[in-house]
Amino acid sequence: MGPDPVGAATLVSENFGFGRSRRHGVDIVKGNMGWIEVVVGPMFSGKSEELIRRLRRAEIARQRVQIFKPAIDSRYAANEIISHNGLGIPSDNVTKASEIIDKLQPRTEVVGIDEAQFLGDEVVDVCTKLANLGKRVIVAGLDTDFRGRPFEPMPRLLAIAEEITKLLAICVRCGNPAVHTQRLVESEELIVVGAGSAYEARCRRCFEPNPALAAREAGPLLLRNRSANAGGK
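Residues numbered from 1 in each chain as written. Predicted model: local features only at pLDDT ≥ 70, side-chain atom pairs only at ≥ 80, totals over all residues. Heavy atoms only, no water.

1. Some points on unusual backbone geometry
- Glutamate 152 connects to proline 153 through a cis peptide bond whose omega is 10 degrees.
- Along the chain, proline 153 turns up in the loop between strand 8 (136–141) and helix 4 (154–160).
- The phi dihedral of phenylalanine 44 falls on the positive side, at around 70 degrees, and the residue is not glycine.
- As for its placement among the helices and strands, phenylalanine 44 is situated in the loop between strand 2 (35–40) and helix 1 (47–60). (Helix = DSSP H or I, 4+ residues; strand = E, 2+ residues; numbered from the N terminus.)

What follows is the structure, encoded as structure tokens:
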């Protein structure tokens, strides 16, 4: 049986001039060198879960960690990063990327940033500065928007990162690997913060880039799901 692509992470491997290379992940002789790791994929692919896992490992290793998320993302908790499966880790809210530099403590070794696509182009310069200061920077975010287009500034972060992890979800329609985030509400706004009732993961075949059409198609299913949930309370 071949490897299952669903939920699997593809990691960039390079020889960074230290005389050795690894197939999985980045092999860096730390010293005072910083670097950037980017975790991308659609909603429900496990990006926040992977970010939390890496940050927990750093904390177990007794590294000094600071974690940030955009203040606009208050879906599950105000001062925590919460994954869709309920894992959580305390974080600081920021309204713009430059606040990360302002709040950075001198002895911090690892910086985590969730939902980086909500922080605008400035987050690229902030991550570069942090890495140049010798910090390990771990960033998670959506790489495509509700129409399937590249979600800036994530492509620019991918271009400068030492390590890239692309996660896949499972299409709720057919069960194939999902690379798209399907919007289920009628809105042309680029940013509409929501979770299971507003979005779902879909593969390239089932994805509908027109949110109005997708909302009409999903309407009866959403009503059935809400009725079922209400009946279970």
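2. Examining the packing of aromatic side chains
- Per the stated rule, a full pass over the model turns up zero aromatic pairs.
- A cation sits over an aromatic face here: arginine 149 above phenylalanine 146, 5.8 Å from the ring centre.
- Of note, arginine 183 hangs over the ring of phenylalanine 146, and the distance from its end group to the ring centre comes to 3.9 Å. (Phe/Tyr/Trp six-rings, centres within 6.5 Å; stacked < 30°, edge-to-face > 60°. Lys NZ or Arg CZ within 6 Å of the ring centre and 35° of its normal.)

3. Focus: the nonpolar core
- Ranked by size, the top nonpolar core spans 23 residues in total, and within it Ile100, Ile113, Cys127 and Leu157 carry the most contacts.
- Of all elements in the fold, only strand 2, strand 7 (110–113), helix 3 (122–132), strand 8 and helix 4 reach the threshold of two or more residues within this core.
- Considering every element that reaches this core, the biggest residue donor is helix 3, with six residues.
- In this structure leucine 157 touches Val38, Ala116, Val123, Val124, Cys127 and Val139, once residues within four positions along its chain are discounted.
- Among the nonpolar cores identified, the runner-up in size contains twelve residues, and Leu55, Ile81, Ala140 and Leu167 belong to it. (Core = buried A, V, L, I, M, F, W, Y, C linked by side-chain atoms within 4.5 Å. Buried < 20%, exposed > 50% of the residue type's maximum accessible area, 1.4 Å probe, protein only. Contact = heavy atoms within 4.5 Å.)

4. With respect to the confidence of the model for the protein
- In this model, the protein carries a mean pLDDT of 81, and residues with pLDDT of at least 70 account for 74%.
- Segment residues 2–23 is flagged for pLDDT under 50; beyond a separation of four residues in sequence, or across chains, it makes 43 contacts in the model.
- Residue range residues 221–233 is modelled with pLDDT below 50. Its contacts to residues more than four positions away, or to other chains, number three contacts. (pLDDT = per-residue confidence, 0-100.)

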